[in-house]
Amino acid sequence: MYVRQADGALLRRPFPPADERWAAASKASGKPGVEHAVGYADTLCGIGRDAVSVLRHFWSAGHPRACAECRTVADGRVARWPAEPRR
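Nothing here was measured: the structure is a model prediction, and the numbers come from that model.

Definitions and cut-offs
- Residues numbered from 1 in each chain as written.
- Predicted model: local features only at pLDDT ≥ 70, side-chain atom pairs only at ≥ 80, totals over all residues.
- Heavy atoms only, no water.
- Helix = DSSP H or I, 4+ residues; strand = E, 2+ residues; numbered from the N terminus.
- Buried < 20%, exposed > 50% of the residue type's maximum accessible area, 1.4 Å probe, protein only.
- Pairing = 2+ DSSP bridges.
- Axes fitted to C-alpha atoms, helices over the stretch in contact; angles between N-to-C directions.
- pLDDT = per-residue confidence, 0-100.
- Contact = heavy atoms within 4.5 Å.

This paragraph deals with the overall build of the protein chain. Across its full length, the protein chain carries one helix and five strands. Element order for the protein chain, N to C, with α for helix and β for strand: β-β-β-β-β-α. Structurally, the protein chain occupies a C-alpha span of about 50 × 25 × 20 Å along its principal axes. In the protein chain, buried positions account for 22% of the 87 residues.

Before going further, it helps to spend a moment on the environment of Gly-33. Mapped onto the secondary structure, Gly-33 falls in the loop between β3 (23-27) and β4 (36-38). Relative accessible area serves as the criterion here: at 40%, Gly-33 is assigned to the partly exposed category. Between the C-alpha atom of Gly-33 and that of Val-73, which follows or precedes it by 40 residues, the distance is 20 Å.

Pairing within the open sheet is antiparallel, and its three strands lie in the order β4-β3-β5. The outermost strands of the open sheet, each flanked by one partner alone, are β4 and β5 (52-58). Strand-to-strand twist across the sheet, computed as the mean angle between neighbouring axes with direction ignored, equals 45°. By the bridge criterion, four bridges tie β3 to β5 in an arrangement that is antiparallel. Of the residues in β5, the one forming a bridge with Lys-27 is Val-52.

Before going further, it helps to spend a moment on the confidence of the model for the protein chain. A residue-level look at the protein chain finds 93% of positions with pLDDT of 70 or above and a mean pLDDT of 86. The lowest-confidence element of the protein chain is strand β1 (residues 2-4), averaging 72 in pLDDT; the highest-confidence one is β4, averaging 95.

Take the side chain of Glu-35 next. Among the structural elements, Glu-35 can be located in the loop between β3 and β4. Classification of Glu-35 as buried rests on a relative accessible area of 6%. The contact partners of Glu-35, leaving out residues within four places of it in the chain, are Ala-24, Ala-25, Leu-55, His-57, Trp-59, Arg-65, Ala-66 and Cys-67.

Right, here's the structure in full:
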């Protein structure tokens, strides 16, 4: 995501740490207690956003209830776009 500075220049937001990139979500009909990483349109494992309830905390790959498929996708994205220091 980019933000426009006061002088009109575009500045890309730095990539946050992995545990601050995705909201946590749970699916009503599925394994109870499993937390998925949800983005704008769907979860990292492909469940549509309409089929999950977004929770009030960030998703963490290290959490024992984290979806294994979401974890695999998240690991790949973090490897491609590692966290950067905040500007």
